[in-house]
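A closer look at the structure
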Amino acid sequence: MVFFELFLMLIVILIAAEVFTNALEHLGEKLGISEGVTGSLFAAVGTALPETSVPLLALLAGTQNLQTNEEIGVGAILGAPLMLATLSISLMAFAVLKKRGANGRFHPEKTGLRRDLDFFIVAFSFAALALFIPHTQAAIRAALGFGMVLIYFIYILLTIRASKHLVSSGHGTEAEDPMFLCRLGLPNNTVVIVLQLVLGLGLLVAGAKGFIHGVEEAAQIIGVSTLLLSLLIIPIATELPEKVNSILWVRKGKDTLAFGNITGAMVFQGTLLPAIGIMLTPWEPRVEVLSGLVITLVAAIWLRVLVARGGIKIWHLWVNGLMYLIYLGIVLL
């Protein structure tokens with residue numbers, strides 16, 4: 001029954017993410033904003049809500065076991081960017097392998113991709129540094145957390161500022177599929193878009209809350225630590241929306257949306273949530289935590305080097321998938 005509950009909550013999360021991102025595409029088109037804003041901000045934050053709600057609900061309103069809540073929180077916070085930077089992004093390569101070939105190239109809009117990766121690498125380096133700041137130095141840890149929040153707001157401002165130029169260059173958001181609520185006969189207007197966004201958000205929170213309790217029970221049954229299970233299972237489940245949407249977009253040739261959906265979520269996951277973890281959890285350099293941080297940073301830097309060198313080939317992203325397998329080997333062995 002526990003694993004059935006986890007599967008059921010996964011279905012709820014997937015449906016909620018589809019409802020949410022479908023409305024976001026229509027909102028982006030209605031507002032006349034770029035694919036960069038829609039992918040890196042709207043879709044990224046929308047599909048990152050499951051991962052966001054899991055650690056927040058675990059830390060603020062989770063189980064009666066404080067240690068369990070903290071381990072679920074840390075696992076979900078660090079597991080999400082790890083999954084995005086490694087396994088999630090490598091799946092896009094497999095999705096277009098037959099059509100483009102191993103030496104084929106992705107063609108995302110590069111200025112936005114560079115901005116996403118630069119902000120993520122800087123912010124996540126702060127998160128790694130905080131592991132070695134003693135809890136007695138509360139002011140320093142708080143300053144790091146505040147700095148990471150500030151980084152994200154600066155990122156938002158720069159991404160929005162670049163939107164107008166990108167739209168005029170042909171990178172405006174276009175919603176191909178009709179909005180779900182409109183299929184029921186409702187008009188396509190701002191009120192209906194907001195209604196569908198709220199519906200998706202409600203389903204996301206409900207699915208995440210159920211997942212917290214399922215993970216705690218599953219950890220006891222399997223006989224592993226809640227932290228390890230949270231690092232591996234929660235991100236796989238809650239990152240599925242990013243993977244599914246990015247795969248669909250990249251197969252349609254919408255590389256900017258596909259990459260922005262993942263790298264934008266990395267910035268969101270690498271700034272606001274680690275800031276919360278630094279201040280509310282025992283943010284310590286355990287093997288599972290430190291190795292995950294290092295591999296995530298290496299994967300992001302690898303992508304940044306590829307962009308700087310002129311482009312990303314299909315096989316390049318297989319390296320990111322290999323990094324995830326290396327992480328599995330470290331934590332399981």
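Before reading on, note that the structure itself is shown above.
Rules and cut-offs
- Residues numbered from 1 in each chain as written.
- Predicted model: local features only at pLDDT ≥ 70, side-chain atom pairs only at ≥ 80, totals over all residues.
- Heavy atoms only, no water.
- Salt bridge = Lys/Arg side-chain N within 4 Å of Asp/Glu carboxyl O.
- Helix = DSSP H or I, 4+ residues; strand = E, 2+ residues; numbered from the N terminus.
- Phe/Tyr/Trp six-rings, centres within 6.5 Å; stacked < 30°, edge-to-face > 60°.
- Buried < 20%, exposed > 50% of the residue type's maximum accessible area, 1.4 Å probe, protein only.
- Expected span 1.5 Å × (residues − 1).
- Contact = heavy atoms within 4.5 Å.
- Core = buried A, V, L, I, M, F, W, Y, C linked by side-chain atoms within 4.5 Å.
- Patch = residues over 30% accessible without salt bridge, like charges linked within 9 Å, V, L, I, M, F, W, Y side chains within 5 Å.
- Areas by Shrake-Rupley, 256 points an atom, 1.4 Å probe, with all protein chains shown as cover.
- Axes fitted to C-alpha atoms, helices over the stretch in contact; angles between N-to-C directions.
- Parallel < 35°, antiparallel > 145°, perpendicular 65-115°, else oblique.
- Left-handed = near helix turned anticlockwise from the far one by under 90°.
- Nonpolar A, V, L, I, M, F, W, Y, C, P; charged D, E, K, R; others polar.
- Lys, Arg positive; Asp, Glu negative; His and termini not counted.
- Polar contact = N/O pair within 3.5 Å; in protein donor to acceptor, adjacent residues only side chain to side chain.

Counted according to the given criterion, the structure contains three salt bridges. Arg100 is the salt-bridge partner of Asp255, the closest N and O atoms lying 3.0 Å from each other. Remark: Arg100 occurs in helix H4 (residues 97-100) and Asp255 occurs in helix H11 (residues 255-280); sequence separation between them is 155 residues.

Summed over all chains, the structure comprises six aromatic pairs. The interplanar angle of 70 degrees and the centroid separation of 5.6 Å between the aromatic rings of Tyr152 and Phe268 together place this pair among those described as edge-to-face. Linking Tyr152 in helix H6 (residues 138-161) with Phe268 in helix H11, this pair joins segments that are 116 residues apart in sequence. Of the two residues, Tyr152 and Phe268, neither departs from the other in class, the shared state being buried.

This brings us to helix H1 (residues 2-31). Spanning 30 residues, H1 covers 43 Å between terminal C-alpha atoms, matching the ideal 44 Å at 1.5 Å per step. Positive backbone phi, approximately 70 degrees, marks Gly32, located one or two places after H1.

This next bit is on H6. For the α-helix, the turn length of 3.6 residues means that residues three or four positions removed from each other point alike. With 24 residues, H6 extends 35 Å between its outermost C-alpha atoms, agreeing within 8% with the 34 Å of an ideal straight helix rising 1.5 Å per residue. Burial in H6 covers these residues: Arg141, Leu144, Gly145, Gly147, Met148, Ile151, Tyr152, Tyr155 and Thr159.

To continue, consider the side chain of Thr296. Tracing the chain through its elements places Thr296 in helix H12 (residues 287-308). For Thr296, the residues in contact, after removing those within four places along its chain, are Pro81, Leu82, Ala85, Phe120 and Phe124.

A few words now on the nonpolar core. Ranked by internal contacts, the top residues of the largest apolar core, which has 63 residues, are Phe106 and Leu317. For this core, the elements supplying multiple residues, two or more each, are helix H2 (35-61), helix H3 (66-95), helix H5 (110-130), H6, helix H10 (240-251), H11, H12 and helix H13 (316-332). Setting aside residues no more than four positions away along its own chain, Leu317 makes contact with Ile89, Ser90, Met92, Ala93, Phe106, Phe259, Leu303 and Ile312. Counting 18 residues, the second-largest nonpolar core is a separate cluster that includes Val2, Ala16, Val192 and Ala218.

Glancing now at a nonpolar patch on the surface. Taken together, the side chains of Met1, Phe4, Phe7, Leu8, Ile11 and Ile15 present a nonpolar region at the surface, about 660 Å² in accessible area. Relative to the helices and strands, Ile15 is located in helix H1. Residue classification places Ile15 among the partly exposed residues on the basis of a relative accessible area of 47%.

Among the secondary structure elements, Gly264 is positioned in helix H11. What makes Gly264 buried here is its relative accessible area of 0%. For Gly264 and Phe42, which are 222 residues apart along the polypeptide, the C-alpha to C-alpha distance reads 8.9 Å.

Relative to the helices and strands, Ile221 is located in helix H8 (residues 190-222). Its relative accessible area of 54% is what places Ile221 among the exposed residues.

With that settled, the discussion passes to the environment of Leu24. Structurally, Leu24 is set in helix H1. Overall, Leu24 belongs to the buried group, its relative accessible area being 5%. The spacing of Leu24 and Val194 is 170 residues in sequence and 9.1 Å in space, taken between C-alpha atoms.

What follows is about the packing of H5 against H11. Contact geometry for H5 and H11: axes closest at 9 Å, N-to-C directions at 25 degrees. With respect to their mutual orientation, H5 and H11 come out roughly parallel. The handedness of the crossing between H5 and H11 is left-handed. Counting all contacts with H5, which are made through Leu113, Asp116, Leu117, Phe119, Phe120, Ala123, Phe124, Ala127 and Ala130, the residues of H11 involved are Phe259, Gly260, Thr263, Gly264, Met266, Val267, Gly270, Thr271, Pro274 and Ile278. Class assignment of the residues belonging to the contact of H5 with H11 gives a composition of 13 nonpolar, five polar and one charged.

Let us now look at the side chain of Asp116. Tracing the backbone shows Asp116 in helix H5. Summary of buried charges: Asp116 has no salt-bridge partner, and the nearest side chain of opposite charge, Arg115, is 4.7 Å away. A polar contact of 2.7 Å, which involves the side chain of Asp116, links it to the side chain of Tyr155. In this structure the side chain of Asp116 is engaged in a polar contact, spanning 2.7 Å, whose partner is the side chain of Thr263.

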